[in-house]
Amino acid sequence: MYSTDDQRKLYDLSKKLLYTPQADLFGEGVAERAEDLRRVIRYHDWRYYVQNDPVVSDFEYDQLYKQLQAIEEQFPALVTPDSPTQRVGKDLVESFGQVAHLIPMLSLDNSYNAGDLDDFDEQVKKLCKLDKDTDVEYCVEPKYDGGTIALVYDNDRFLRAATRGDGYMGDDITLNIKTLKSVPLQASFSKHGIARAELRGEALIRKDIFEKINKKRQDAGEALFANPRNAATGGLRMKDPREAAERGLEAFLYQLGYAVDKEGDDILKRFTTHDQSIHLLRELGFKVPLHQPEPGNHLEETKTCRNIAEVIAFCNAWQEYRDEYPYEIDGMVIKVNSLEYQERCGYTSHHPRWAIAFKFKARQATTRLRDVEFQVGKTGAITPVAKLEPVPLAGVTVQNVSLHNEEFIRSKDIRIGDQVLVERAGDVIPYIVKSLAELRTGSERVIHYPKHCPVCHSELVKPEDEAIWRCENSDCEAQVLARMIFHTSKHAMDIEGLGESTIEKFYKLGWLHSIADLYRLDYEKIAQLEGFGEKSAANLRNAVEKAKRNPIHRLLHSLSIHHLGRKGSTLLAAEIGHVLDLKDWDLEKYQTIKDVGPVLAQNVFNFFQNPHNIELLETMERLGVNLHQTDEDKKAGVNTEGPLYGKSILFTGTLSQMTREEAEKRAAAAGASIASGVSKHLSILVVGEKAGSKLKKAQELGTVEIWSEQEFLQKIEQ
Ligand code: IVH
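Just so we're clear, the structure is a prediction, and the values are computed from it rather than from any experiment.

Participant: So what about the overall build of the protein? Which residues, and what values?
Facilitator: Secondary structure summary: the protein contains 25 helices and 24 strands in total. Relative to its full complement of 718 residues, the protein shows a buried share of 48%. Contacts spanning at least 24 positions in sequence make up 67% of the contacts within the protein whose residues lie at least 6 apart. Taken as a whole, the protein presents about 36900 Å² of accessible surface, with 48% of it coming from carbon and sulfur. Between the mean site of the 94 positive side-chain charges and the mean site of the 112 negative ones, the protein shows a separation of 1 Å.

Next up, the structure:
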């Protein structure tokens, strides 16, 4: 696409354009300058969106783009249809026109295991009239799970794009596809004798971008997309191209479907292999499956396999790798590499006989919803849980699936007795996609949301700004138990051997009433329990003793204060010498901590105003649980972006504008660590009035920076 030499020139040109004073912009040679800008922007789009490897910063790119916009605004005659500024149009699509594909877009036959692939290979050999021992070469690439697209280029310019539709006619989605920066608006087909071409591919949304889109929609109270495919196909059909542009769609091209020269003669036959045609697309600047793994990917996207055994091994490797790949794929596509063999194989009315899809293990299954159970969480949140007839799904048996909240059940009209479609994608927890209303027999029951806590029967409440009903009785048995289970869990106090079932067992035995009881277990009695014994009781004691020494950020997190997660706990722990210091904090003080919002502040404040909680913490301290800030807590709060990050600091003498304690806090907030004495490891000594021996020692060492109080204040303000 771009030779090294071209790239160097375009890079130098970018810098020249960037650093030519703005005043020259509209002077002589403006047309030439506009063309230069278009060229460099196209190049940077390619580096960024196709190669994933930009060579200029986002800021520099924006400057180039703005220059071009400014020129085009001043001289509208200089705007070309394929200018990078013309990607996102302002006009709305009234309705999608229909376009005929240049050749029909067929489907693919499916295979599910090695046996199916062997059969396919055998069939190919028969059709090609090859003997059984001759190897056929295959190209194998991901089966992208997005929206199928067909792009037409005419005389090197992007002409139009369409969806697959019924395979013969598709919707005209030109304006939306134009917004995809991985789709070049011009490409040098003519250099290769091609006057008109149709390319096939898939428009996709990367999984992490999809998550962000859904997060944004959730925050805005909009319906969530079930998967990246829905978000992608929806994006292709936006009426407003500006919205399509915001979906972050990318296009992978996997087939040159049609190519004719100026005379209209088919020139696909000039290629001998599928590989070659894909290589050409890459040359022309399109995003295609790559033969080399990209940085961060383990596996190459496509492989030219010498025989079907290699195909099977590659497909199996991808089945394992699938979840780590940044895009959603639902299988692999296997294509006969030789175009001559492809022709010999031919087509059915439905699919080519020279290609087959290898589908990964199903991630969706249907099963019956037997019942719904309402569970009470550690902060009293009521979660409806679907009890399903157990069904195998992508390697696990699924039987309990969260139904999230009342609105989820209502919007999907899920009923007890329904057949439901369950999906499990990647690491994602299984969820119910929909209920199959058409299979209802009439015996299904509407799910009634409880008005009272299923455990303690107190009345449930639903805060106005929340989607969830809550049991507000913090002594509710279910909450107490859930809090204990959370308290000992990995991210909280991390007490090995005190998992859910053990806690439930001890609870039933009447040994546990609050989390303090976890620190006064009777290990002799435990040793007598069935399934325990001396050894496990001793191990448990060690684990509990170890947990007592935990840093306080773990303890804070373990208290199940609503919205107080690991990060918030760490931030708080860095600010206090002792957990009970928080008793004296007022609401405003919480909000001075960066990243602590009003809701979290209120929750922590309420917790520490409640005498029961103070008593609980005091009891825990008496039982040996550490409530003092540890070095880890101090460190965890270090501001790595602060102006004093990486420096150690010490204060000496009397400070005039703040107390020593306050000065240390401010230094820590600026990223410094507080030293305990003057040594060669000390970076800064701040001297107040009447400084004595410390100053002298620092001066003798000669390696310590000596600052006045005023200097210190100036530095931390920076
Ligand atoms: S080749 C003539 N290659 O799968 C056959 N298709 O079931 C052309 N798909 O909607 C298809 N990734 O959009 C081919 N690497 C790939 C693919 C792929 C995804 C889609 C295609 C079509 C469906 C066919």
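Participant: Outline the packing of aromatic side chains, listing residues and values.
Facilitator: Evaluation of the coordinates by the stated rule reveals 24 aromatic pairs. With a centroid separation of 4.8 Å and an interplanar angle of 55°, the aromatic rings of Tyr2 and Trp46 are classed as tilted. Placement of Tyr2 in the segment before α1 (4-19) and of Trp46 in helix α2 (residues 30-50) is noted, with a sequence separation of 44 residues between them. Comparing Tyr2 with Trp46, the two get one shared label, buried. Members of the aromatic cluster, joined through ring pairs, are Tyr144, Phe252, Trp318, Tyr321, Tyr325 and Tyr327.

Participant: Explain helix α13 (residues 477-488) residue by residue, including any values.
Facilitator: Look at α13: 17 Å from first C-alpha to last across 12 residues, which is about the 16 Å you get at 1.5 Å a residue. Extensive coverage of α13 is indicated by the burial of nine of its 12 residues. Of the positions making up α13, those classed as buried are Ala478, Gln479, Val480, Leu481, Ala482, Met484, Phe486, His487 and Thr488.

Participant: Tell me about the sheet that holds strand β11 (residues 355-359), residues and numbers included.
Facilitator: A sheet is described by the order of its strands in space; here five strands give the open sequence β2-β11-β10-β3-β9, paired in mixed fashion. Only two strands of the sheet have a single partner each, and these edge strands are β2 (110-111) and β9 (303-305). Where strand β10 (residues 329-336) lies against β11, five bridges are found, and the strand directions are antiparallel. Counted as the bridge partner of Lys335 is Ala355 from β11. Sheet strands touched by helix α4 (residues 114-127): β2, β3 (138-144), β10 and β11. Its angle to β11, the strand with the most contacts, is close to 175°.

Participant: Describe the site of the ligand, listing the residues and the values that go with them.
Facilitator: Close to the ligand lie 14 residues; Glu141, Pro142, Thr148, Glu202 and Tyr254 are nearest. For the ligand, an oxygen atom lies 3.1 Å from a polar atom in the side chain of Lys143. Contacts to the ligand include Tyr144, whose backbone N or O atom sits 3.0 Å from a nitrogen atom. Look at the ligand: alone it shows 530 Å² of surface, and the protein chains cover 88% of it. Listing elements by their share of the shell around the ligand, those giving two or more residues are β3, β8 (249-260) and β10. It is β3 that provides the largest number of residues to the shell around the ligand, a total of four residues. Here the residues of the shell around the ligand sort into six nonpolar, three polar and five charged.

Participant: Report on the nonpolar core, specifying residues and quantitative values.
Facilitator: Formed by 51 residues in total, the largest nonpolar core has its most connected members in Leu498, Leu556, Leu572, Tyr590, Phe608, Leu617 and Met620. Within the residue set of this core, elements represented by two or more residues are α13, α14 (500-508), α15 (523-528), α16 (534-548), α17 (552-558), α18 (566-573), α20 (598-609) and α21 (611-622). Discounting residues that sit within four places of it in the chain, Met620 has contacts with His487, Ile515, Ala516, Tyr519, Leu555 and Val625. With 40 residues, the next largest nonpolar core counts Phe96, Ile177, Leu249 and Leu281 among its residues.

Participant: Go over the pattern of salt bridges, please, and point to the residues and values.
Facilitator: Side-chain pairs of opposite charge can arise where the charged atoms are in close proximity. Throughout the structure, instances matching the rule amount to 35 salt bridges. For Arg42, the salt bridge goes to Asp82, with nearest N and O atoms at 3.7 Å. Residue Arg42 is located in helix α2, and its partner Asp82 is located in the loop between α3 (58-74) and β1 (98-100); the two are separated by 40 residues in the primary sequence. We note that Arg42, like Asp82, is buried. The residue Asp53 makes a salt bridge to Arg47 at a minimum N-O spacing of 2.9 Å. Note on Arg47: relative accessible area 13%, which makes it buried.

Participant: Hey, could you go over the side chain of Thr174 for me, with residue numbers and the actual values?
Facilitator: Relative to the helices and strands, Thr174 is located in helix α5 (residues 174-178). Under the relative-accessibility criterion, Thr174 is labelled buried at 12%. Excluding residues within four positions of it along the chain, Thr174 makes contact with Phe158, Leu159, Arg160 and Ala161.

Participant: Which residues make up the side chain of Thr85, and what values do they have?
Facilitator: Secondary-structure assignment places Thr85 in the loop between α3 and β1. In this structure Thr85 comes out as buried when scored by relative accessible area, which is 13%. Among the polar contacts listed, one links the side chain of Thr85 to the side chain of Gln86, at a separation of 2.9 Å. Not counting residues up to four positions away in its chain, the partners in contact with Thr85 are Tyr65, Leu68, Gln69 and Glu72.

Participant: Residue-level account of the environment of Arg440, with values.
Facilitator: When you line up the elements, Arg440 lands in the loop between β17 (431-435) and β18 (445-446). Sequence-wise, Arg440 and Pro611 are 171 residues apart; in three dimensions their C-alpha atoms are separated by 53 Å. Apart from the residues within four sequence positions on either side, Arg440 is in contact with Asp413, Arg415, Asp418 and Ser435. Side chain to side chain, Arg440 and Asp418 meet in a polar contact 2.8 Å long.

Participant: Before we move on, could you go through the pairing of β3 and cite the residues and values that matter?
Facilitator: Counting buried residues along β3, seven of its seven residues qualify, which places the element largely inside the surrounding structure. By the bridge criterion, three bridges tie β3 to β9 in an arrangement that is antiparallel. Looking across to β9, one finds that Tyr138 is bridged to Cys305. Summarising the sheet, β3 and β10 pair through seven bridges and their orientation is antiparallel. Looking across to β10, one finds that Tyr144 is bridged to Ile329.

Participant: Give a detailed account of α1, specifying residues and quantitative values.
Facilitator: Compared with an ideal rise of 1.5 Å per residue, which puts 16 residues at 22 Å, α1 spans 23 Å between its outermost C-alpha atoms and is within 8% of the ideal. Those residues of α1 that sit buried are Gln7, Leu10, Leu13, Ser14, Leu17 and Leu18. Taken around the axis of α1, the buried residues stretch over an arc of 135°, which confines them to a single face. Seen from the open side of α1, the exposed residues pointing more than 90 degrees away from its buried face are Thr4, Arg8, Lys9, Lys16 and Tyr19. On its buried side, α1 packs onto α2 and α3.

Participant: Mind laying out unusual backbone geometry, listing which residues take part and the relevant values?
Facilitator: Excluding glycine, residues mostly carry a negative phi; peptide bonds, for their part, are mostly trans. We note that Asn155 has phi near 45°; this positive angle belongs to a residue other than glycine. Since its relative accessible area comes to 55%, Asn155 is described here as exposed. Although it is not a glycine, Asp156 adopts a positive phi angle of roughly 70°.

Rules used throughout
- Residues numbered from 1 in each chain as written.
- Predicted model: local features only at pLDDT ≥ 70, side-chain atom pairs only at ≥ 80, totals over all residues.
- Heavy atoms only, no water.
- Helix = DSSP H or I, 4+ residues; strand = E, 2+ residues; numbered from the N terminus.
- Buried < 20%, exposed > 50% of the residue type's maximum accessible area, 1.4 Å probe, protein only.
- Contact = heavy atoms within 4.5 Å.
- Areas by Shrake-Rupley, 256 points an atom, 1.4 Å probe, with all protein chains shown as cover.
- Lys, Arg positive; Asp, Glu negative; His and termini not counted.
- Charge placed at Lys NZ, Arg CZ, Asp CG, Glu CD.
- Phe/Tyr/Trp six-rings, centres within 6.5 Å; stacked < 30°, edge-to-face > 60°.
- Expected span 1.5 Å × (residues − 1).
- Pairing = 2+ DSSP bridges.
- Axes fitted to C-alpha atoms, helices over the stretch in contact; angles between N-to-C directions.
- Near = heavy atom within 4 Å.
- Polar contact = N/O pair within 3.5 Å; in protein donor to acceptor, adjacent residues only side chain to side chain.
- Nonpolar A, V, L, I, M, F, W, Y, C, P; charged D, E, K, R; others polar.
- Core = buried A, V, L, I, M, F, W, Y, C linked by side-chain atoms within 4.5 Å.
- Salt bridge = Lys/Arg side-chain N within 4 Å of Asp/Glu carboxyl O.
- Arc of directions from axis to C-beta.

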